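Structural features, examined
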Amino acid sequence: MLTCKQLIESLADYLDGQLPLSRVAAFKLHLLCCDHCRSYLHNYEATIVASQEALRKEEEDTGPIEVPEDLIQAILKARQEP
Ligand SMILES: [Zn+2]
């Protein structure tokens, strides 16, 4: 069984599709059993989506790409937890 720390460390690989299949099973099993990691993953994905949408919107406006400071802080914070 993965620990929460191991799961968080694998999160970026998982979302990139880089996590080996042998570990994906353990990853998903842990998510099924662990409310903490489920909500963490949810928040993490929401942050990624928000940052991608912010970037895309900037590109559509053909203005300079500028990520709001509070969004950067939210991403950094999410990466540091727990
Ligand atoms: Zn967990």
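Read on for a plain summary of the structure. Here, residues in each chain are numbered from 1, in the same order as that chain's written sequence. Per-residue local features of the predicted model are confined to residues with pLDDT of at least 70, and side-chain atom pairs are confined, for both listing and counting, to 80 or more; whole-chain, interface and lining totals are unaffected and use all residues. Think of the side-chain values as coming from all heavy atoms in the structure, minus any hydrogens and water.

Moving on, we get to the overall build of the protein. Regarding its fold elements, the protein presents 4 helices and 0 strands. Its helices and strands in sequence order give the protein the pattern α-α-α-α, from N to C terminus. For a compact globule the rule gives 2.2 Å times the number of residues to the power 0.38, and the radius of gyration it is set against comes from C-alpha atoms. For 82 residues, the compact-globule estimate of 2.2 N^0.38 gives 12 Å, and the C-alpha radius of gyration of the protein, at 15 Å, exceeds that figure by more than 25%. Reported as C-alpha extents along the three principal axes, the dimensions of the protein are approximately 45 × 25 × 15 Å. Contacts are assigned to residue pairs with any non-hydrogen atoms lying within 4.5 Å of each other. Sequence-distant contacts, at least 24 apart, represent 54% of the contacts inside the protein between residues at least 6 apart. A positive count includes Lys and Arg, and a negative count includes Asp and Glu. His and the chain ends are not counted in either. By convention, the charge on Lys lies at NZ, on Arg at CZ, on Asp at CG and on Glu at CD. Of the charged side chains in the protein, 8 are positive and 14 negative, and the gap between their average positions amounts to 9 Å. Numbering of helices and strands runs from the N terminus; a helix is a DSSP stretch of H or I covering at least four residues, while a strand is a stretch of E covering at least two.

Every protein donor of the zinc ion is accounted for by Cys4 (SG), His30 (NE2), Cys34 (SG) and Cys37 (SG), and the metal-donor separations fall at 1.9 to 2.3 Å. Each metal's donors comprise the N, O and S atoms found within 2.8 Å of it (within 3.2 Å for Na, K or Ca). Water is not part of the atom list, so some coordination spheres may appear incomplete. For a four-donor site, all angles between 85 and 135 degrees give tetrahedral; for four or six donors, opposite pairs above 155 degrees with the remaining angles between 65 and 115 give square planar or octahedral; all remaining cases count as irregular. Around the zinc ion sit 4 donor atoms; with metal-centred angles ranging over 105 to 113°, the donor geometry is tetrahedral.

Patches here: salt-bridge-free residues with over 30% relative accessible area, like charges joined within 9 Å, nonpolar side chains (Val, Leu, Ile, Met, Phe, Trp, Tyr) joined within 5 Å. In this description, accessible areas are obtained by the Shrake-Rupley approach with a 1.4 Å probe, and a residue is regarded as covered only by the protein chains that are shown. Any carboxyl oxygen of Asp or Glu within 4 Å of a side-chain nitrogen of Lys or Arg constitutes a salt bridge here. On the surface, a cluster of nonpolar side chains totalling about 260 Å² of accessible area is made up of Leu55, Val67, Ile72 and Leu76. With respect to the helices and strands, Leu76 occurs in helix α4 (residues 69–80). In this structure Leu76 comes out as partly exposed when scored by relative accessible area, which is 39%. Working definition: with a 1.4 Å probe on protein chains only, accessible area under 20% of the residue-type maximum means buried, over 50% means exposed, and in between means partly exposed.

Right, let's talk about the pattern of salt bridges for a bit. In the structure shown here, the tally under the stated rule is 2 salt bridges. Here Glu9 and Lys5 are joined by a salt bridge, their closest N and O atoms 2.8 Å apart. Note that Glu9 and Lys5 are positioned in helix α1 (residues 4–16) at a spacing of 4 residues, about one turn of the helix. You'll find Glu9 and Lys5 in the same group, each marked exposed. Taking the shortest distance from any N to any O, the salt bridge between Arg38 and Asp35 comes out at 2.3 Å. With Arg38 and Asp35 both in helix α3 (residues 35–60) and 3 residues apart, the pair spans about one turn of that helix. Here Arg38 falls in the partly exposed class, since its relative accessible area comes to 37%.

This part covers empty space enclosed by the protein. In this analysis a 1.4 Å probe is tested at points of a 1 Å grid over the protein atoms alone, and where it fits but cannot get out there is a cavity; an open set with protein on both sides within 12 Å along at least five of seven lines is a pocket; lining residues have an atom within 4 Å of a point. Grid points are joined across faces, edges and corners, and a volume is the space filled by probe spheres set on the points. Summed over the entire model, instances satisfying the criterion amount to 1 cavity of 30 Å³ or more. Of the voids in this model, the largest cavity is the one considered here, and its volume is about 40 Å³. Surrounding the largest cavity, Tyr44, Thr47, Ile48, Ile75, Ala78 and Arg79 form its lining. Elements with a minimum of two residues in the lining of the largest cavity: α3 and α4. Think of it as three bins: nonpolar holds Ala, Val, Leu, Ile, Met, Phe, Trp, Tyr, Cys and Pro, charged holds Asp, Glu, Lys and Arg, and polar takes everything else, Gly as well. Class assignment for the residues of the lining of the largest cavity results in 4 nonpolar, 1 polar and 1 charged.

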